[in-house]
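Take a look at the letters that make up each chain.
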Amino acid sequence: MADHVYINGIIFTQNSDIPQASAVACEDGRIIAVGSYDDVREFISKTTRVTDLEGKYVFPGFIEDEESYLDEEDMADKGFTSVAYFTGGELDRENCTKLRLLDNPCIRRSSLKFGNCDMARDAIKQLTVIAAEVLGRNDIGVIEVGRYADFTVFEENPMKKNLRYFTNMHAEQTIVGGEIVYDAEEALMDEMYTLMTGMLV
C-alpha cells in the first residue's frame, strides 16, 4: 500500500511512454504507480495520505548537477530536490534535511546548462532527465515506477513560459521521497511570523 498518493495534478513525467498523468502513488520514498486516479486507487489504504494537487503542475524534482551557491531553503524554493556533490557554496551538507544529497560530483558552471534553451520546456528537460543521464542516475529525473518520488510543483504552467520568466519562478511545493519538504505558503507564513515577533521584541 502507498504511504502517500497525489491526485488531481497535471503531471509531466518526462517519460515518453506515459508523458502526462494526473496521479502518482509513493511507498518508502519510491514511485509505485503513475497514471490516473483509477491507476493509483488500489494502492490507497486507511493509512495512506492523499493530497489533492488541485490542478497544479508537477515535474520530476529538479537536479542541481552544477556548482550552486544557494542555501538549502533557496534551492527548495526554486524546485531543486537533488544536489550533486560540491564542497563550496552555501549548502550545509552536514545539516541538510530537505534535499537528496548525491555522491555524484557536480559539473562546472562552464557547461552552460541553459545555453541552447529558448523555452522553459527545454530548461526543465535539462534539469530533470538530462541531468540524471549526465550524472549516470537511473533513480531520479523521471516520474516512473521504481524511481525516487521527488517532484517539483508549480502553481502555473512553466512549460508555456520563456526561459527568462522560468528562471524567476518559485516552486509551490518541493517533494522528496514522497514527502512535502517545502511549501511556499507555509514558508511565507513562517516569514511573516518571524517578522511580527521580531517587531514585538
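You'll find the structure just up there.
Just so it is clear, the model here is predicted, and its values are computed rather than measured. (Residues numbered from 1 in each chain as written. Predicted model: local features only at pLDDT ≥ 70, side-chain atom pairs only at ≥ 80, totals over all residues. Heavy atoms only, no water.)

### Observations regarding the nonpolar core
Then, in step 1: Ranked by size, the top nonpolar core spans 21 residues in total, and within it Phe-59, Phe-62, Phe-154 and Phe-166 carry the most contacts.
Then, in step 2: Here the element with the most residues in this core is helix H3 (residues 120-135); it accounts for 4 residues.
Then, in step 3: Not counting chain neighbours up to four residues away, the residues in contact with Phe-166 comprise Phe-62, Ala-120, Ala-123, Ile-124, Leu-127, Phe-154, Pro-158 and Lys-161.
Then, in step 4: Of all hydrophobic cores here, the second largest spans 14 residues; its members include Tyr-6, Ile-11, Ala-21 and Val-34. (Core = buried A, V, L, I, M, F, W, Y, C linked by side-chain atoms within 4.5 Å. Buried < 20%, exposed > 50% of the residue type's maximum accessible area, 1.4 Å probe, protein only. Helix = DSSP H or I, 4+ residues; strand = E, 2+ residues; numbered from the N terminus. Contact = heavy atoms within 4.5 Å.)

### Focus on the sheet that holds strand E2 (residues 10-12)
Then, in step 1: Reading across from one edge, E3-E2-E7-E11-E12-E13 is the order of the 6 strands in this open sheet, with mixed pairing throughout. Strands with a single pairing partner mark the edges of an open sheet, and in this sheet they are strand E3 (20-21) and strand E13 (179-183).
Then, in step 2: Here strand E11 (residues 151-154) pairs with strand E12 (residues 173-176) via 3 bridges, running antiparallel. Among the inter-strand pairings, Phe-151 is bridged to a residue of E12, identified as Ile-175. (Pairing = 2+ DSSP bridges.)

### Focus: the pattern of salt bridges
Opposite charge on two side chains lets them pair, provided their charged atoms get close.
Then, in step 1: On inspection of all chains with the given rule, the structure shows 8 salt bridges.
Then, in step 2: Here Arg-49 ties to Glu-179 by a salt bridge, and the two come within 2.6 Å at their closest N and O atoms. Taken together, the residues span a long stretch of sequence, with Arg-49 in strand E6 (residues 49-52) and Glu-179 in strand E13 at a distance of 130 residues.
Then, in step 3: For Glu-156, the salt bridge goes to Lys-161, with nearest N and O atoms at 3.4 Å.
Then, in step 4: Exposure remark for Lys-161: the relative accessible area of 23% places this residue in the partly exposed category. (Salt bridge = Lys/Arg side-chain N within 4 Å of Asp/Glu carboxyl O.)

### Some points on the sheet that holds strand E5 (residues 30-35)
Then, in step 1: On the basis of which strands lie adjacent, the open sheet formed by 4 strands has the order E5-E4-E1-E6 and mixed pairing. Since the sheet does not close on itself, it has two edges, and those belong to E5 and E6, each with one partner. Taking the axes of each pair of neighbouring strands and ignoring which way they run, one obtains an average angle of 15° across the sheet.
Then, in step 2: Summarising the sheet, strand E1 (residues 4-7) and E6 pair through 4 bridges and their orientation is parallel. Residue pairing in the sheet places Val-5 in a bridge with Val-50 of E6. (Axes fitted to C-alpha atoms, helices over the stretch in contact; angles between N-to-C directions.)

### Looking at the environment of Asp-52
Then, in step 1: Inspection of the secondary structure puts Asp-52 in strand E6.
Then, in step 2: On the accessibility criterion, Asp-52 (40% relative accessible area) is partly exposed.
Then, in step 3: Once the C-alpha coordinates of Asp-52 and Ile-7 are considered, the two residues, 45 residues apart in sequence, prove to be 5.1 Å apart.
Then, in step 4: Excluding anything up to four places from it in sequence, Asp-52 contacts Ile-7 and Asn-8.
Then, in step 5: Among the polar contacts listed, one links the side chain of Asp-52 to the side chain of Asn-8, at a separation of 3.2 Å. (Polar contact = N/O pair within 3.5 Å; in protein donor to acceptor, adjacent residues only side chain to side chain.)

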